[in-house]
Amino acid sequence: MSSSPFSVQVEPRYLPDQSSAADRIYTFAYTVTVTNTGDVAAQLIARHWLINDADGPVQEVNGLGVIGQQPLLAPGESFRYTSGCRLESTGGTMHGSYLVVTEHGERFDVPIPMFVLEASADGSTAPRVLH
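I will try to describe carefully the structure that is included in this document. (Residues numbered from 1 in each chain as written. Predicted model: local features only at pLDDT ≥ 70, side-chain atom pairs only at ≥ 80, totals over all residues. Heavy atoms only, no water.)

1. A word on the pattern of salt bridges
1) Next: One pass over the structure, following the stated rule, counts 2 salt bridges.
2) Next: As a salt-bridge pair, Glu11 and Arg80 come within 3.4 Å of each other at their nearest N and O atoms. With Glu11 in strand E1 (residues 6–14) and Arg80 in strand E6 (residues 78–87), the pair connects residues that are 69 residues apart, well separated along the chain.
3) Next: Note that Arg24 and Glu88 form a salt bridge whose closest N and O atoms lie 3.9 Å from each other. You can see Arg24 sitting in the loop between E1 and strand E2 (26–36) and its partner Glu88 sitting in the loop between E6 and strand E7 (91–102), a full 64 residues away along the chain.
4) Next: Arg24 sits in the partly exposed class, given a relative accessible area of 39%.
5) Next: Look at Glu88 and you get partly exposed, because its relative accessible area is 43%. (Salt bridge = Lys/Arg side-chain N within 4 Å of Asp/Glu carboxyl O. Helix = DSSP H or I, 4+ residues; strand = E, 2+ residues; numbered from the N terminus. Buried < 20%, exposed > 50% of the residue type's maximum accessible area, 1.4 Å probe, protein only.)

In structure tokens, the structure reads:
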């Protein structure tokens, strides 16, 4: 498959009420919208994330589904969910991919574009996707 028949959009935000600068805990939420832009139904089977903490190690996360689900998306359908992560610094980045299988058994990876996690005093975040 030359290009992914899925699109992924991410909206990150900082959660100051769940963070503690004194303890070096910075909590972020991110809302992901996955849309089947192809012409065949397909199921999101697994996820792979790389979480880059500006001051720390890279965390790698692999697992089945997202938030305990493996949604089957018909052409034109979207699935939206919110998850989160914690960093030891005020910023970092995330990116990754989803493993998807079509109803015909074709497997492919859907790239998740890199996005920025930035802590702010008031909790506001200007979402930035890096290309």
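From this point on, the discussion continues.
2. Notes on the nonpolar core
1) Next: Ranked by internal contacts, the top residues of the largest apolar core, which has 27 residues, are Phe6, Val32, Trp49, Met94 and Tyr98.
2) Next: When contributions to this core are tallied by element, the ones reaching two or more residues are E1, E2, strand E3 (42–53), E6, E7 and strand E8 (107–118). (Core = buried A, V, L, I, M, F, W, Y, C linked by side-chain atoms within 4.5 Å.)

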